[in-house]
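Take a look at the letters that make up each chain.
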Amino acid sequence: MIDLHLHLDGSLPIKTVLKLAKLQNIALPGEDEETLRKYLAVSPSAKSLNDYLRCFDLPLMLLQSCEAVKIALYELICELKEQGIIYSEIRFAPQLHTKCGCTQREIIEAAITGLDKAQKNFNTKSNLILCAMRGGSEEDNLLTVSLAAEYLGNGVCAVDLAGAEALYKTELYRNVFSLAARLCVPFTIHAGEADGVQSVKTAVEFGARRIGHGVAAVDDDELLDEIKRKNISIECCLTSNLQTKAVSKLENHPIKDFLRLGINATINTDNMTVSDTTVEKELSLLSDIALEISRKTLMRNAVNAAFLSDNEREELMRRMSSL
């Protein structure tokens, strides 16, 4: 299986949360899994993406050192391996991990160290997507893109734009993605999750190769035609879209429309811990909406969407075919 839309801070295993707290002498609101999940997993009463994002406060507090980030990457990939994930693209915003003095560069290098160690030990493949932040300073966001270019192909595969979409419009980040395009850094953009069709249109205009969530795109037939024509992939995350109220109920999720129209839609977790999900759980939801599409087809879509070289893509397809 493959997961292309997976946030590090929203997917920390509970055992890793406990370990990082102990190593850094950070007090937690509880020391048992049931209590911690109340702080790490979204409440059923959440009414928006902004409510959902509050679940990231605790994990971010634990990820303010290079050693913590290295451990987190290693242990998350270990968890993914146990779930049968053979390729993942793990995203995080380096600028959010600098509150205790680490630089973005140091955080990225720590993440790559953890990733490399995990790949060697678990015989799996992962890459990093570096997120610019909605509401972050342009200086920090431009630095993230510049560093992504520097480490591209050495653990980093792309950049992204994450955060409170409705509060900080996609259009505000034109300079960020102009720089990414100039530096030949591929990118995905969270769009059409908490904001409307225009957010997705802007992401497409910027040159995004993938759209994170993209729910609102279903309301514009011309936009859907353009997404298909440009072979832009959509990273669907069913559970989190229900939790953030991007969709009102599962049967209304536009993944059915995307696939029917021949758009390269993929299935992803978004945040395994916050949403209490796995790729296996996300795939099982498709049967609940009577969407008859094979797991093999969805994984092939993911291979096609992955930020990989042609040779890497062929190797991943071979590995997937052998399972």
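As a reminder, the structure under discussion sits directly above these lines.
Residues numbered from 1 in each chain as written. Predicted model: local features only at pLDDT ≥ 70, side-chain atom pairs only at ≥ 80, totals over all residues. Heavy atoms only, no water.

J.: Which residues make up the sheet that holds strand β7 (residues 233-236), and what are the values?
T.: Taken together, the four strands give an open sheet; going across it, the order is β5-β6-β7-β8, and neighbouring strands pair in parallel fashion. Looking at which strands have only one partner, the edges of the open sheet turn out to be β5 (188-191) and β8 (265-267). Strand-to-strand twist of the sheet, defined as the mean angle between neighbouring strand axes without regard to direction, takes the value 25 degrees. Where strand β6 (residues 210-213) lies against β7, three bridges are found, and the strand directions are parallel. Directly across from Gly212, in β7, lies its bridge partner Glu235. (Pairing = 2+ DSSP bridges. Helix = DSSP H or I, 4+ residues; strand = E, 2+ residues; numbered from the N terminus. Axes fitted to C-alpha atoms, helices over the stretch in contact; angles between N-to-C directions.)

J.: Lay out empty space enclosed by the protein with the relevant residues and their values.
T.: Under the defined criterion, the tally for this structure stands at one cavity of 30 Å³ or more. Counted as a void, the largest cavity has a volume near 40 Å³. Lining the largest cavity are Asp9, Leu12, Val17, Leu40, Cys55, Pro59, Thr273 and Val274. Its residues assigned to classes, the lining of the largest cavity shows six nonpolar, one polar and one charged. (1 Å grid on protein atoms, 1.4 Å probe; cavity = no way out; pocket = protein on both sides within 12 Å on 5 of 7 lines; lining within 4 Å. Points joined across faces, edges and corners; volume = space filled by probe spheres on them. Nonpolar A, V, L, I, M, F, W, Y, C, P; charged D, E, K, R; others polar.)

J.: So what about the pattern of salt bridges? Which residues, and what values?
T.: Counting across every chain of the model gives 18 salt bridges. The partner of Glu226 in a salt bridge is Lys230, and the shortest N-O contact between them spans 2.8 Å. Glu226 gets classed as partly exposed once you look at its relative accessible area, which sits at 23%. Of the residues examined, Lys230 reaches a relative accessible area of 44% and is grouped as partly exposed. (Salt bridge = Lys/Arg side-chain N within 4 Å of Asp/Glu carboxyl O. Buried < 20%, exposed > 50% of the residue type's maximum accessible area, 1.4 Å probe, protein only.)

J.: Account for the sheet that holds strand β2 (residues 87-92), naming residues and giving values.
T.: An order of β1-β2-β3-β4 is seen for the four strands of this open sheet, with the pairing classed as parallel. Unpaired on one side and paired on the other, β1 (2-7) and β4 (156-162) mark the two borders of the sheet. Each strand axis lies, on average, 25 degrees off the axis of its neighbour in the sheet, ignoring direction. Of the pairings in the sheet, the one linking β1 to β2 comprises four bridges and is parallel in character. Pairing of Leu6 across the sheet is with Ile90, part of β2. Across the sheet, helix α7 (residues 138-151) is in contact with β3 (125-133) and β4; its angle to β3 comes to roughly 155 degrees. (Contact = heavy atoms within 4.5 Å.)

J.: Residue-level account of helix α1 (residues 14-24), with values.
T.: The set of residues buried in α1 consists of Ile14, Thr16, Val17, Leu20 and Ala21. Mapping the buried residues of α1 onto a view down its axis gives an arc of 160 degrees, with all of them on the same face. For α1, the exposed residues set more than 90 degrees away from the buried face come down to Lys22 and Leu23. Considering only its buried residues, α1 is in contact with α2 (33-40), α4 (57-62) and α5 (66-82). Where α1 terminates, the next one or two residues include Asn25, which has phi positive at roughly 55 degrees. (Arc of directions from axis to C-beta.)

J.: Hey, could you go over the environment of Glu150 for me, with residue numbers and the actual values?
T.: Here Glu150 shows up in helix α7. Its relative accessible area of 44% is what places Glu150 among the partly exposed residues. Through-space distance from the C-alpha of Glu150 to that of Val185 is 9.5 Å; in sequence the pair is 35 residues apart.

J.: Describe in detail the layout of surface pockets, supporting the description with residues and values.
T.: A volume near 460 Å³ is recorded for the largest pocket. The wall of the largest pocket is formed by 24 residues, among which Leu53, Phe56, Leu96, Met133 and Gly163 lie closest to the centre. Listed by contribution, the elements that provide at least two residues to the lining of the largest pocket are α3 (49-53), α4, β2 and β3. Looking at the lining of the largest pocket residue by residue, the class counts come to twelve nonpolar, six polar and six charged.

J.: Quick one: what's the story with the packing of α5 against helix α6 (residues 104-122), residue by residue and with numbers?
T.: The contact between α5 and α6 brings their axes to 8 Å, and the two run at 30 degrees. For the pair α5 and α6, the crossing hand works out as right-handed. Note on element contacts: α6 touches α5 through Glu106, Ile107, Ala110, Ala111, Thr113, Gly114, Leu115, Lys117, Ala118, Asn121 and Phe122, opposite Cys66, Val69, Lys70, Leu73, Tyr74, Ile77, Cys78 and Lys81. Residues belonging to the contact of α5 with α6 are distributed by class as follows: twelve nonpolar, three polar and four charged. (Left-handed = near helix turned anticlockwise from the far one by under 90°.)

J.: How would you explain the environment of Leu183 if you had to name every residue and give the values?
T.: Summarising the element assignment, Leu183 is placed in the loop between α8 (174-182) and β5. Residues Leu183 and Val145, spaced 38 residues apart in sequence, show a C-alpha to C-alpha distance of 8.5 Å. Once you skip the residues sitting within four places of it in the chain, Leu183 turns out to touch Val145, Ser146 and Ala149.

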